[in-house]
Amino acid sequence: MPSILIIDDNASVGTALEVLFSLHDIEAVHALSPEAGLALLAEQPIDLVIQDMNFTEDTTSGEEGEALFQQIRARHPDLPVILLTAWTHLSSAVDLVKAGAADYLAKPWDDRKLLTTVNNLLELSETRRELDRRRDREQRDRTALEARYDLRGAVVADPASERVVNLACQVARSELPVLITGPNGAGKEKIAEIIQANSLVARGAFVALNCGAIPAELIEAELFGSEAGAYTGANKAREGKFEAADGGTLFLDEIGNLSLGGQMKLLRVLETGRFERLGSNRERQVKVRVISATNADLPAMIRDGLFREDLYYRLNTVELALPPLAERPGDILPLAERFLGDGKPLSNAAATALQRHSWPGNVRELRNVIQRAGLLAQGARIEASDLNLPRAATPRVATPGVDPDRSRIESALSHSHGIIAQAAAELGLSRQALYRRMDRYGIPRE
């Protein structure tokens, strides 16, 4: 049951409010002075405070109420406070609302309006507390993850990236091939490094090949090696990536760029560990853990005849889908601070600009933006103008009469960090209406 503290020197006010709240399953306690109210706050959990603005007879300045509010705010910064005031002191109450008070109501108050305000604030407070509890759990989980596994210095601050890294660590000690999917610049190679670092072949070589950076006619030579004279310009024999990675891990980025002929040979190596260099009939044997990555839609490429279905299922024994940076907002500022190192800190405006940007280039774009800003910033801190980011797009306003779909609801909940009141406002719904739609779509009330 939620608990409210009423601080008012008028006993009849306290009694009236206690009766009103008890009829609506809200516990209320009454203190007749600021000192008694502060003592109660120190002794027991309180969810909301309703305070008067004057406590001494014939005093109407509101200074006592302002002093009490400042003391409550200093000791309990997240505790919502409603001010009870006379219209003659409305300006003082407005100033305190600007300073952080939740609301103000005139005496005599309207019971219905007061109950609506109280219920809204209690719900918002519970949502914030649950959010804090969830963040604490996530922090404990991240700390345990970092203590148990070698994360290769990866920034894992968002639940979305934590899930991917946690799964990567779980599958690392198996010998199964892993396919990492996600957009360019999202950090797929870092996930591959984490798998290697926690695998049974952690002491072996980690060899990476970007299949999209090599001409199609040379990829097979890069993978399997070649003998002298195997192709124009091949003046001497050279080993391929599979031989270099023997006893370790081979990371094949942009695997969708591999030719069909190369795909067939890769499938054979995955199944038998055997291959021949280009221009050679001698079979070679290797033992390599293969991790591949792509930003391409491989199922669509299979339908178009551009990628072998049997190879896809061989590579895709375990799939790790790394979301774009825009879907991992908790990673943005920690990554920016990592890229800054010991350089100039970010101003609050710059931090806000980073969080509002959509990051189409993902982590790679963020790194470039931060490095450029750190180099060009003239002041002691990096300001928003130093980032040279495009203006944030105007937030989409809910269209009256158009029911939001599941994706819009989930997006609003993500933007508001799970705070129902904020998400409902963004969608143009009441909290109850939002809850009904969440239940309809099976979205959990976390």
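Right above here is the structure, for reference.
Procedures and definitions
Residues numbered from 1 in each chain as written. Predicted model: local features only at pLDDT ≥ 70, side-chain atom pairs only at ≥ 80, totals over all residues. Heavy atoms only, no water. Core = buried A, V, L, I, M, F, W, Y, C linked by side-chain atoms within 4.5 Å. Buried < 20%, exposed > 50% of the residue type's maximum accessible area, 1.4 Å probe, protein only. Helix = DSSP H or I, 4+ residues; strand = E, 2+ residues; numbered from the N terminus. Contact = heavy atoms within 4.5 Å. Pairing = 2+ DSSP bridges. Axes fitted to C-alpha atoms, helices over the stretch in contact; angles between N-to-C directions.

Draft legend 1. View of the nonpolar core. Counting residues in hydrophobic clusters, the biggest one holds 28 residues, and the most contacted among them are L223, F242, L252, I255, L266 and F307. Counting only elements with at least two residues in this core, the list comes to β7 (206–210), α8 (216–224), β8 (249–253), α10 (260–272), α11 (298–303) and α12 (309–315). The leading source of residues in this core is α10, at four residues. Among all residues touching I255, those that are not within four sequence positions of it are L179, C211, L266, S292, A293, T294, L298, F307 and L315. Formed by 24 residues, the second largest nonpolar core is a distinct cluster that contains L151, I191, I195 and L320.

Draft legend 2. Representation of the pairing of strand β3 (residues 48–52) in the model. Counting buried positions along β3 gives five out of five residues, so the element sits mostly inside the fold. Burial of the side chains of β3 extends over both faces: L48, I50 and D52 are buried on one face and V49 and Q51 on the other. Note that β3 and strand β4 (residues 81–85) share four bridges and pair parallel. Across the sheet, residue Q51 finds its bridge partner in β4, namely L83.

Draft legend 3. Molecular detail of the sheet that holds strand β5 (residues 103–106). Spatial strand order, β2-β1-β3-β4-β5: five strands in an open sheet with parallel pairing. Strand pairing shows two members of the sheet lacking a second neighbour, β2 (27–31) and β5, which therefore form its edges. Pairwise comparison of adjacent strand axes, ignoring direction, gives a mean angle of 20° for this sheet. Of the strand pairs in this sheet, strand β1 (residues 3–7) and β2 are connected by five bridges, and their pairing is parallel. Of the residues in β2, the one forming a bridge with L5 is V29. With respect to the sheet, helix α1 (residues 11–22) is in contact with β1, β2, β3 and β4, its orientation differing from that of β2 by roughly 175°. Contacts between helix α2 (residues 34–43) and the sheet are confined to β1, β2 and β3, with β1 contributing the most and set at about 160° to the helix.

Draft legend 4. Representation of the pairing of strand β12 (residues 318–321) within the structure. Residue alternation in β12 divides its side chains into a buried set, V318 and L320, and an unburied set, E319 and A321. Taken together, the four bridges between strand β6 (residues 178–181) and β12 define a ladder with parallel strand orientation. Residue pairing across strands places V178 opposite V318, the latter belonging to β12.

Draft legend 5. A look at the side chain of S161. Inspection of the secondary structure assignment puts S161 in helix α6 (residues 159–171). Discounting chain neighbours no more than four positions away, the residues touching S161 are V156, R328 and D331.

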